[in-house]
Amino acid sequence: MAEAHQAVAFQFTITPEGIDLHLSYQALNQIYLSGLRSWKKRISRIKNRIIKGVYPASPSSWLFVVIAILATMYMQSDPSMGLITKIRDLPITGQTVLSVLLFSTLLWLSLILALRFCLKLLLSYHRWMFELHGRISTKTKVWATLVRLLSSRKPLLYSYQTSLPHLPVPSIKDTLERYLESVKPLLDVAGFQRMTRLAAEFEKSLGNHLQKYLKLKALWATNYVSDWWEEYVYLRSRSPIMVNSNYYGMDFLYVTPTATQAARAGNTITALFLYRRKVNREELNPSRIPGTVIPLCAAQCERMFNTTRTPGEETDVLQHWQDSEFVAVYHRGRYFRLWVYRAGRLLSPREIQYQIQRILDDPSPPSPGEDKLGALTAGNRMPWAQVRKQFFSSGVNKRSLDCIEKAAFFVTLDDQEEGMMGENPSVNLDRYAKSLLHGKCYDRWFDKSLSVVVYKNGKNGLNAEHSWADAPIVAHLWEFTLATDAFHLGYTTDGNCRGEIEHSLPPPQRLSWDIPLQTHVSESLAVAQALADDVDCHVFPFREFGKGRIKKLKMSPDSFVQLALQLAYYRDRGTFCLTYEASMTRLFREGRTETVRSSSNESCAFVLALEDREHCRKLFRKAAEKHQNLYRLAMTGSGIDRHLFCLYVVSKYLGVESPFLKEVLSQPWRLSTSQTPVQQMELFDLVNHPEFISLGGGFGPVADDGYGVSYIIMGEEMINFHVSCKHSCTETDSHKFGSQISQAMMDLMTLLNPDFKEATKANPDKQS
């Protein structure tokens, strides 16, 4: 137990001559360095609070205001119009200089509030998004210039938070009109007339009453949707979060930087902690709308690390800790606590590799019940809440569970090999996706905000809990991690991490358990295993063309893909369905997502008219323009579904029933789609190193008889798709639907560009 002695600063013995102190200078030095790191972090937080608190001004501007006021008074002029004299006459001041300082400070704070108010007004303007490319109005040009002027000073990560506008509450009339328009192509005449009647009755009776409560909340709360969305959509769900809620992110498609598992884990863990350091210091640039200076809300970054979802009988709770200097590691049924800081210093990648290798080499078996303990986080939430309360409230189990829940994130050292490899790379990619989505149902800790998986062959990936943030936040983190791992940290020629090793590092701490609950674990595992076995995943890279060729047609790549999905679904099922596409609302403070109902009158008309090619081209462009407009409306706070959702929540609080809202919220999303954004292309040189392409990530199906489709537009020439459905539904097949998507993409490109088919025949190597 050498490490136990290192934790003691001194020992003493009593001798006939008195007390003999045995000081451990090494331990005292460790304590000093740890305290120094802690104080540096506190000072950094205070400094950042001041800098972002006065944004868009700067702290140094206070001195400029003071000097300007003093200079004006020196010239026998009173810029305060007598206020300084009145302040000087107060009993708390008395001196002219102090009065000037007080007046200057008040004037400076007033200017900051005025600048912030102006920036907030400017960021509330969204008409620029609806203007055609190349036809920008004078009003928008003036607006953009003013935004750039007020954003000229380099901001911190959270500098814009207080300047972002609040999410507006749409009018009942507009929401109902857009809703009826969205369901018209999906209903027969009688069904549409019935929904129209229900909507009219709702608007006349209950709707306006509920709307008043929402407007009151919007005046009082920062965001009228986000807290209810987090609680009722995520935290109050009692079904498993594995597959149903959590999502995954994949490694590079073609490249594995090293085949050494411990080395890949060392660099991955280091990169994640470097990103956490940037978040804590607010050194990351705020995310913006691509190609603009328009900032996006960064509030979701706050709970990225040191966060866990703890189960409750009625609702779960998100717990976040200010800091954590260790990660929790799972390997072959054993749990470890791995300290990554020593005396305030982040261990080098080589040192973390050394510590990971110690875990891999540890021959000790799991204690009884330990190996499948993680299944509790994969099953239903109610049993897990009851078990946690009964068996993890005190003693050794609580101490070990605290180590997992308070860890910066969770790491699984998987003993399988995954990736696009072997004689059947397509099948192996599908298995890789399923592994990241649910694993063995007990070798991930699904409650953690982030669970990183490192495979035996060096491939990696992650599984993310959904309630604390949406996929773009995690995608930003994962882009940084992959780029830092491969291009900045790097590896030696023999595949090991770089850096030196301090061999006196104490070994990773094995967590101890006393688990008399094998029956409960087995029950949760059975539920999770049935869910995992039912998931059908298919991942495929579409290489025939990418956004480069689509943009040459003067069309949005996202609209193109969405219309291809509509065509693929119609060919697959012979009908249209309610389609969910996630759109961000981070133009607003604490904004999360809104639904783009991609299935529209225009998209359905296009699909049905596909045989008439000339007419179809016009319908296609009309449908694409409609989709873009729907997307913009969702982004700018004029969506349908979050408004209807909040109205439903208010009706439940009031104890009133609305047949209209009940039916609207019970309609299934048989096609649920999402684009994984690529936000930091500057981190990857895809021109010189096209092999460093990420596969993106995916999620499970939302409806039992539907599809979940995620796609990532990589570079100019590739789009990666992730398709999921359930084996238990005989009408869905992920591989068949994937083929339909590929064919639909080709058919749409050929429709818009007839020469494309001939070009493809001339270059057969382009075919996947």
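For clarity, every value in this text was computed on a predicted model and none was experimentally measured.

J.: Help me understand the overall build of the chain, please; the structure alone is not making it clear to me.
T.: Of regular secondary structure, the chain possesses 24 helices and 20 strands. Its C-alpha atoms give the chain a radius of gyration of 29 Å, near enough to 27 Å, the size a compact globule of 768 residues would have. In terms of overall dimensions, the chain has C-alpha extents of about 105 × 85 × 60 Å along its principal axes. Expressed as a percentage of its 768 residues, the buried residues of the chain come to 54%. The contacts of the chain with a sequence gap of at least 6 include a subset with a gap of at least 24, amounting to 77%. Working note: accessible area of the chain is about 34,500 Å², and carbon and sulfur atoms make up 57% of it. Within the chain, the 78 negative side-chain charges are centred at a point lying 6 Å from the centre of the 89 positive side-chain charges.

J.: Explanation requested: unusual backbone geometry in the structure shown.
T.: Negative phi is the rule for most residues except glycine; trans is the rule for most peptide bonds. Residue Pro56 is reached from Tyr55 by a cis peptide bond, and omega for that bond is 15 degrees. Counting through the fold element by element, Pro56 comes out in the loop between helix H2 (25-53) and helix H3 (61-74). The phi torsion at Asn306 lies on the positive side, around 55 degrees, for a residue other than glycine. When you line up the elements, Asn306 lands in the loop between helix H10 (261-281) and strand S4 (307-310). The exposure class of Asn306 is buried, given its relative accessible area of 3%.

J.: When you look at the sheet that holds strand S3 (residues 247-250) in this model, what are you seeing that I'm missing?
T.: Two modes of strand pairing occur in sheets, parallel and antiparallel, and in both the strands are linked by backbone hydrogen bonds. An order of S13-S7-S6-S10-S11-S12-S3-S18 is seen for the eight strands of this open sheet, with the pairing classed as mixed. Each of the sheet's edge strands pairs with one partner strand only, and the pair in question is strand S13 (509-510) and strand S18 (697-699). Seen against the sheet, helix H14 (residues 425-438) touches S3, strand S11 (450-454), strand S12 (460-464) and S18 and runs at an angle of roughly 130 degrees to S3. Here helix H15 (residues 471-489) sits on the sheet and contacts S3, S11 and S12; the angle it forms with S12, its principal contact strand, is near 160 degrees.

J.: I'm lost on the sheet that holds strand S16 (residues 593-597) in this one. Help?
T.: Taking strand neighbours across the sheet as the criterion, the six strands line up as S14-S20-S19-S17-S15-S16 in an open arrangement whose pairing is mixed. Strand pairing shows two members of the sheet lacking a second neighbour, strand S14 (535-542) and S16, which therefore form its edges. Taken over all neighbouring pairs, the strand axes of this sheet differ in orientation by 20 degrees on average, direction set aside. Bridge analysis of strand S19 (residues 707-714) against strand S20 (residues 718-726) gives seven bridges, and the strand direction is antiparallel. Residue pairing across strands places Ser710 opposite His722, the latter belonging to S20. Against the sheet, helix H20 (residues 613-635) touches strand S15 (579-584) and S16, its axis set at about 50 degrees to S15.

J.: How should the nonpolar core be read in this particular structure?
T.: Grouped burial of nonpolar side chains is what soluble globular proteins tend to show. Formed by 58 residues in total, the largest nonpolar core has its most connected members in Tyr179, Phe202, Leu644 and Phe660. Of the residues forming this core, the biggest block, nine residues, is contributed by helix H8 (residues 189-220). The contact partners of Tyr179, leaving out residues within four places of it in the chain, are Met195, Arg597, Ile640, Leu644, Phe660, Val664 and Gln667. Counting residues in hydrophobic clusters, the runner-up holds 54 residues, among them Phe252, Val411, Val454 and Leu505.

J.: Would you mind going over a nonpolar patch on the surface with me for this structure?
T.: A cluster of nonpolar residues, Val142, Leu146 and Leu149, forms a patch on the protein surface that exposes about 270 Å² of accessible area. According to the relative accessible area criterion, Leu146 is partly exposed, its value standing at 38%.

J.: I tried to follow empty space enclosed by the protein on my own but got confused; where do I start?
T.: Rolled over the atoms, a probe sized like a water molecule indicates the empty space that remains. Within this structure, the stated rule accounts for four cavities of 30 Å³ or more. One number sums up the size of the largest cavity: a volume of about 130 Å³. Around the largest cavity sit 15 residues that line it, and Arg178, Ser182, Arg597, Leu630 and Ile640 are the ones nearest its centre. Secondary-structure elements contributing two or more residues to the lining of the largest cavity are helix H7 (172-183), S16 and H20. When residues in the lining of the largest cavity are grouped by element, the largest group, four residues, is from H20. In the lining of the largest cavity, the residues fall into five nonpolar, six polar and four charged. Looking at the second largest cavity, its volume works out to about 110 Å³. If you trace the second largest cavity, you find 19 residues lining it, with Leu167, Val225, Thr585, Thr593 and Arg642 closest to the centre. At the level of secondary structure, the elements contributing two or more residues to the lining of the second largest cavity comprise helix H9 (226-235), S16 and helix H21 (641-654).

J.: Can you help me understand the packing of H7 against H8 in this one?
T.: Pairs of packed helices are described in terms of their axes, by the angle between the two and the distance that separates them. Packing of H7 against H8 brings their axes to within 10 Å, and their N-to-C directions diverge by 160 degrees. Classed by the angle they form, the pair H7 and H8 counts as roughly antiparallel. Note that H7 runs across H8; the crossing there is right-handed. Contact residues: Ile172, Lys173, Leu176, Tyr179 and Leu180 in H7; Phe192, Met195, Thr196, Ala199, Phe202, Glu203, Gly207, Asn208 and Gln211 in H8. Here the contact of H7 with H8 is composed, by residue class, of eight nonpolar, four polar and two charged.

J.: Would you explain the domain arrangement of the chain in this entry?
T.: One widely used convention gives an interface's size as the accessible area the parts lose upon coming together. If you check the domain split of the chain, you get domain 1 (1-47), domain 2 (48-151), domain 3 (241-288 + 295-534) and domain 4 (543-599 + 669-755). The distance between the C-alpha centroids of domain 2 and domain 4 comes to 46 Å.

J.: Looking at this structure, how should I read the environment of Asp685?
T.: With respect to the helices and strands, the residue Asp685 is situated in the loop between strand S17 (671-675) and S18. Classification of Asp685 as partly exposed rests on a relative accessible area of 34%.

J.: What's the story with the side chain of Asn720 in this structure? I'm lost.
T.: By secondary structure assignment, the location of Asn720 is in strand S20. Only 2.9 Å separates the side chain of Asn720 from the backbone oxygen of Ser694, close enough to count as a polar contact. When near neighbours in sequence (up to four residues on either side) are disregarded, Asn720 contacts Phe540, Pro541, Phe542, Ile693, Ser694, Leu695, Ser710, Tyr711, Ile712 and Met714.

J.: Just to check I follow, could you spell out the pairing of S17 for this structure?
T.: Among the five residues of S17, four are classified as buried, and the element is accordingly described as predominantly covered. Summarising the sheet, S15 and S17 pair through three bridges and their orientation is parallel. Bridged to Glu581 within S17 is Thr673. As judged from the five bridges shared by S17 and S19, these two strands associate in the parallel manner. Its bridge partner being in S19, Thr673 is matched across the sheet by Val709.

Calculation notes
- Residues numbered from 1 in each chain as written.
- Predicted model: local features only at pLDDT ≥ 70, side-chain atom pairs only at ≥ 80, totals over all residues.
- Heavy atoms only, no water.
- Helix = DSSP H or I, 4+ residues; strand = E, 2+ residues; numbered from the N terminus.
- Rg over C-alpha atoms; globule rule 2.2 N^0.38 Å.
- Buried < 20%, exposed > 50% of the residue type's maximum accessible area, 1.4 Å probe, protein only.
- Contact = heavy atoms within 4.5 Å.
- Areas by Shrake-Rupley, 256 points an atom, 1.4 Å probe, with all protein chains shown as cover.
- Lys, Arg positive; Asp, Glu negative; His and termini not counted.
- Charge placed at Lys NZ, Arg CZ, Asp CG, Glu CD.
- Pairing = 2+ DSSP bridges.
- Axes fitted to C-alpha atoms, helices over the stretch in contact; angles between N-to-C directions.
- Core = buried A, V, L, I, M, F, W, Y, C linked by side-chain atoms within 4.5 Å.
- Patch = residues over 30% accessible without salt bridge, like charges linked within 9 Å, V, L, I, M, F, W, Y side chains within 5 Å.
- Salt bridge = Lys/Arg side-chain N within 4 Å of Asp/Glu carboxyl O.
- 1 Å grid on protein atoms, 1.4 Å probe; cavity = no way out; pocket = protein on both sides within 12 Å on 5 of 7 lines; lining within 4 Å.
- Points joined across faces, edges and corners; volume = space filled by probe spheres on them.
- Nonpolar A, V, L, I, M, F, W, Y, C, P; charged D, E, K, R; others polar.
- Parallel < 35°, antiparallel > 145°, perpendicular 65-115°, else oblique.
- Left-handed = near helix turned anticlockwise from the far one by under 90°.
- Domains from an automatic or database assignment.
- Polar contact = N/O pair within 3.5 Å; in protein donor to acceptor, adjacent residues only side chain to side chain.

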